[in-house]
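Chain by chain, the residues run as shown.
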Amino acid sequence: MSMRYLVRARVKDGCQQSLMKAIERGSLGAGSVAEGEYLRNMNEARVCADQTVRWVEVCYCPTPLQEERPYWEEYFELVKVQDAHDRRKCRDENGSEPWACGDCDCTARLEEKLKNTGNPFLEQPNSSSGNLTR
């Protein structure tokens with residue numbers, strides 16, 4: 001089973017620099033089966049007015065972010081993880097298309113809305129990463 005989640009998180013105090021170094025080195029999520037997804041998430045993450053960092057994440061775990069949680073919690077306090085769209089309409093969830101979340105556009109509207117919300121995470125004053133293309 002897979003699903004897309006809207007993740008809201010705050011960078012833990014004192015972790016901004018080490019997070020940025022992990023992103024710059026490409027080591028964020030190293031050892032995870034979703035290794036490259038972490039960098040993609042940070043490339044698309046936005047910092048909102050309430051200082052939460054938000055992104056849409058594809059997860060194939062039976063529990064939301066079960067495998068990813070330890071990697072994220074090294075740097076972030078996960079404030080809220082919620083379904084990014086109605087599960088009843090999810091092609092993977094309803095069995096009509098296994099593994100559909102990998103290439104699904106079900107969250108395209110949400111992701112477009114996020115692009116116009118707040119500021120890019122990697123362009124924050126404490127970030128020297130810029131956009132990643134890894």
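Relevant structure appears above.
Residues numbered from 1 in each chain as written. Predicted model: local features only at pLDDT ≥ 70, side-chain atom pairs only at ≥ 80, totals over all residues. Heavy atoms only, no water.

## Structural notes on the overall build of the chain
Looking only at helices and strands, the chain features four helices and five strands. Going from N to C terminus, the chain has its helices and strands arranged as β-α-α-β-β-α-β-α-β. Buried residues in the chain amount to 43% of all 134 residues. Considering only residue pairs separated by 6 or more positions, the chain has 73% of its internal contacts joining residues 24 or more positions apart. For the chain, the accessible surface area stands at approximately 7500 Å², while carbon and sulfur atoms represent 46% of it. (Helix = DSSP H or I, 4+ residues; strand = E, 2+ residues; numbered from the N terminus. Buried < 20%, exposed > 50% of the residue type's maximum accessible area, 1.4 Å probe, protein only. Contact = heavy atoms within 4.5 Å. Areas by Shrake-Rupley, 256 points an atom, 1.4 Å probe, with all protein chains shown as cover.)

## Observations concerning the pattern of salt bridges
The final tally for this structure, using the stated rule, is six salt bridges. Linking R40 and E37 is a salt bridge whose minimum nitrogen-to-oxygen distance equals 2.5 Å. One end of the pair is R40 and the other is E37, both in helix α2 (residues 35-44) and three residues apart, which spans about a single turn. The partly exposed category is assigned to R40, whose relative accessible area is 28%. For R40, the salt bridge is made with E44, and the minimal N-O distance between the two is 2.8 Å. Of this pair, R40 and E44 both sit in helix α2, separated by four residues, roughly a single helical turn. Look at E44 and you get partly exposed, because its relative accessible area is 38%. What you see here is one network of salt bridges that share partners, running through E37, R40 and E44. (Salt bridge = Lys/Arg side-chain N within 4 Å of Asp/Glu carboxyl O.)

## Focus on the pairing of strand β3 (residues 53-59)
The element β3 is extensively covered by neighbouring structure, given that seven of its seven residues are classed as buried. Alternating residues of β3 divide into V53, W55, E57 and C59 and R54, V56 and V58, and every residue in both groups is buried. The sheet contact formed by strand β1 (residues 3-11) and β3 spans seven bridges and is antiparallel. Across the sheet, residue A9 finds its bridge partner in β3, namely V53. (Pairing = 2+ DSSP bridges.)

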